[in-house]
Amino acid sequence: MPVTEAPGEATDEDSAPWFPSIWTFIALDCATFGVLFGVFMSERLHDPAAYDASASLLDVRLGLANTLILITSSYLVALSAAAARRDDLPALRRLLLGGIVVGAGFAVLKLTEYAMKIAAGITPQTDAFFGYYFALTGVHFLHYGAGMLVLLVLLRRAQRVAAVDEGLTRAVMSGGIFWHMVDLLWVFLFPMLYLLGAVR
Amino acid sequence: MPMINPYQHVRLCIWAGVVLLFIEVVFWGILGQNIPPYSPALDAQAYAEVFRADADVIRIGMTGAVMGGILYMFWTVGITKIMEPIERANSANNVLSTLQMWSGGLTTVFFIVPPGIWLGSTFRAQTMPPDILQALTDVAWMLFDMSATTGSAQLIALGVCILSDRRRIPIIPKWIGWMGIYVGASLVMFAFMPFFKTGAFARNGAINFWFELPAFFLFMVLSTIFLLKAIPKLDAEYAAEHVAKT
């Protein structure tokens, strides 16, 4: 049976604006990626020429395209959160769908890129740079997959209701925060992996 | 009708997690020469030399680790008993607590079997060929690290359950739930371990050893604190329901 609080007991929700608890996860996850980025950059310092030589084998155009895809998808999801807050259900559904469709392009390009590398004989064991390339982009890709799943669940939920309620708005905002993190992490990965070797 | 105590022994089970942590650090870690582990980049001969020199101490350490591993199951059962009333209050089924218990139970196996393999390799360490000695260590590490997905499933199920608590003041703070999901998900990075003999993702590397394992153990400590704090709240909740019925 549902449990209720004792009468008169104050809660955070009564007095404070809603604060998405997903920020705990976001902070920890970003800190982890901070460690990963730090490890990569410090390892790179041991042999920058070799790292750059390997990085130059990556296709900057694919990396740039994926950056634009994620930023666009993130923008659409941000608009969907705004739509949820003004109770505009048709716009919420449309924008979430747009974010998912655009975001799907990332998987197409990334998997194509992985396939091209493996076909060219480049694997995580080729050298240290590609070890980190596959590990870092692999961890990011898992986050991307989780984010896409979250967006699909949100869309399904939005399609099943007749009007936007507070729970749906909060879910869209929390999911959106996660999706922006996926985007943000890629914005760090792209210059670190693709551009550092290309600009020399 | 006398009131039953639905949380009898639960505190003991949860405290067992703290004892397990102590055993893991002292027996598996310090005596077992796993803080830090021997480098996987060593060749078999070099590995055999350092391992044989420490074999007697490692034997004591791994004996303690194998014997103490079962305490993880106690901790798991304790968590299950805290999760069940959260699920009941939500009028939900018990999928999350069941998933947590089964995956925690399976994780227990990996607190016992890999140390057992390390222990086995100490038994004839002085006469065993170096490459077999090293292969046994490799197998133990692969099982120990790669089985982390059972721990992932356990922590994520716990985390989702904590987040689903509909009480206005949750029994366990929601940030602990998110932390459980985070630590559970981050254990997936162990998947890179088989591909690296050096660097951050190697079994003695910055990410794989110095980040992943402390994150898991830190979550055990933090969650244990809040699991113990949950018991008086659940006791009071049960007593209030019991009084209301009688």
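Residues numbered from 1 in each chain as written. Chains lettered and ligands numbered in written order. Predicted model: local features only at pLDDT ≥ 70, side-chain atom pairs only at ≥ 80, totals over all residues.

A. Local environment of the overall build of chain A. Within chain A one finds 7 helices and 0 strands. Counting from the amino terminus, helix and strand elements in chain A follow one another as α-α-α-α-α-α-α. Each of the 200 residues in chain A was classed as buried or not, and the buried ones make up 30%. The long-range share in chain A, meaning contacts at least 24 apart out of those at least 6 apart in sequence, stands at 82%. (Helix = DSSP H or I, 4+ residues; strand = E, 2+ residues; numbered from the N terminus. Buried ≥ 20, exposed ≤ 12 C-beta atoms within 10 Å, placed from the backbone. Contact = placed C-beta atoms within 7 Å.)

B. Spatial organisation of the overall build of chain B. From N to C terminus, chain B includes 8 helices and 0 strands. In sequence order, chain B lays out its α and β elements as α-α-α-α-α-α-α-α. Seen along its three principal axes, the alpha-carbon backbone of chain B occupies a region of about 70 × 35 × 25 Å. Relative to its full complement of 246 residues, chain B shows a buried share of 44%. Put simply, of all contacts in chain B between residues at least 6 apart along the chain, 78% involve residues at least 24 apart.

C. The arrangement of the packing of helix α2 (residues 22-46) of chain A against helix α7 (residues 174-186) of chain B in detail. Contact pair α2 of chain A / α7 of chain B: the axes reach a minimum separation of 8 Å and the direction vectors enclose 35°. Our pair here, α2 of chain A against α7 of chain B, has a crossing hand that is right-handed. Residues I22, T24, F25, L28, D29 and T32 of chain A of α2 of chain A form the contact with α7 of chain B, whose participating residues are W175, W178, M179, I181, Y182 and S186 of chain B. Residues belonging to the contact of α2 of chain A with α7 of chain B are distributed by class as follows: 8 nonpolar, 3 polar and 1 charged. (Axes fitted to C-alpha atoms, helices over the stretch in contact; angles between N-to-C directions. Left-handed = near helix turned anticlockwise from the far one by under 90°. Nonpolar A, V, L, I, M, F, W, Y, C, P; charged D, E, K, R; others polar.)

D. Seen up close, the UniProt feature "transmembrane region" (unreviewed entry) in chain A. Listed under "transmembrane region" (unreviewed entry) in the UniProt record, and renumbered for this structure, are residues 22-42, 62-83, 95-112, 132-155 and 176-197 of chain A. Taken end to end, residues 132-155 of chain A comprises 100% helix and 0% strand; its first and last C-alpha atoms sit 34 Å apart. (UniProt positions renumbered as here; feature names shortened; annotations may be inferred.)

E. Representation of α7 of chain B within the structure. Residues and elements named next belong to chain B. Compared with an ideal rise of 1.5 Å per residue, which puts 13 residues at 18 Å, α7 spans 18 Å between its outermost C-alpha atoms and is within 8% of the ideal. Burial analysis of α7 places 12 of its 13 residues in the buried class, the great majority of the element. Considered for burial, the residues of α7 that qualify are W175, I176, G177, W178, M179, G180, I181, Y182, V183, G184, A185 and S186. (Expected span 1.5 Å × (residues − 1).)

F. Representation of the interface of chain A and chain B in the model. Contact with chain A, which involves 24 residues of that partner, is made by 25 residues of chain B. Listed by contribution, the elements that provide at least two residues to the side of chain A that touches chain B are α2 and α6 (128-160) of chain A. Broken down by element, the residue count for the side of chain A that touches chain B peaks at 10 residues, all from α2 of chain A. Looking at the side of chain A that touches chain B residue by residue, the class counts come to 14 nonpolar, 6 polar and 4 charged.

G. Examining the packing of α2 of chain A against helix α7 (residues 166-198) of chain A more closely. Residue and element names in this part refer to chain A. At a closest axis distance of 11 Å, the pairing of α2 and α7 adopts a crossing angle of 10°. Taken together, the axes of α2 and α7 lie roughly parallel to each other. Each of I22, I26, D29, C30, F33, F37 and F40 in α2 lies in contact with α7, whose residues at this interface are S174, I177, F178, M181, L185, F188 and M192. The class makeup of the residues in the contact of α2 with α7 is 12 nonpolar, 1 polar and 1 charged. (Parallel < 35°, antiparallel > 145°, perpendicular 65-115°, else oblique.)

H. Spatial organisation of the UniProt feature "transmembrane region" (unreviewed entry) in chain B. Residue and element names in this part refer to chain B. The positions UniProt marks with the feature "transmembrane region" (unreviewed entry) are residues 12-31, 57-78, 99-119, 139-163, 175-195 and 207-228. Across residues 12-31, the secondary structure splits into 100% helix and 0% strand, with the terminal C-alpha atoms separated by 26 Å. Across residues 139-163 one finds 96% helix and 0% strand; the C-alpha atoms that close the span lie 37 Å apart.

I. Expanded view of the confidence of the model for chain A. Per-residue confidence for chain A gives a mean pLDDT of 88; residues scoring 70 or more make up 90%. Contacts of residues 1-15 of chain A to residues separated by more than four positions or lying in other chains number 14 contacts, the stretch itself having pLDDT below 50. (pLDDT = per-residue confidence, 0-100.)

J. Representation of the nonpolar core in the model. Formed by 101 residues in total, the largest nonpolar core has its most connected members in L96, L136 and V182 of chain A together with W75 and F201 of chain B. Of the residues forming this core, the biggest block, 13 residues, is contributed by α6 of chain A. Apart from residues no more than four positions distant in its own chain, L96 of chain A is found in contact with V77, S80, L151, L154, L155 and A158 of chain A. (Core = buried A, V, L, I, M, F, W, Y, C linked by C-beta atoms within 7 Å.)

K. Layout of the environment of L189 of chain A. Residue and element names in this part refer to chain A. Position of L189 relative to the elements: it lies in helix α7. C-alpha of L189 to C-alpha of T112: the two residues are 77 residues apart in sequence and 18 Å apart in space. Setting aside anything within four residues of it in sequence, one finds L189 in contact with L136, T137 and H140.

L. Focus on the confidence of the model for chain B. Overall, the predicted model of chain B reaches an average pLDDT of 92, with 98% of residues at or above 70. Per the prediction output, this complex has pTM 0.84; the corresponding ipTM is 0.74.

M. Here's a closer look at unusual backbone geometry. For the bond running from I35 of chain B to P36 of chain B, omega is -10°, close enough to zero to count as cis. If you check the backbone angles, D87 of chain A has positive phi at about 60° while not being a glycine. Secondary-structure assignment places D87 of chain A in the loop between α4 (60-85) and α5 (89-119). On the basis of neighbour count, D87 of chain A is assigned to the partly exposed category, with 13 C-beta atoms found within 10 Å. Here the phi dihedral of Q33 of chain B falls at roughly 60°; this positive angle occurs in a residue that is not glycine. Within the secondary structure, Q33 of chain B is located in the loop between α1 (10-31) and α2 (44-68).

N. Fine view of the environment of A89 of chain B. Along the polypeptide, A89 of chain B turns up in helix α3 (residues 71-89). Measuring from C-alpha to C-alpha, the distance between A89 of chain B and V109 of chain B comes to 32 Å, with 20 residues separating the pair along the chain.

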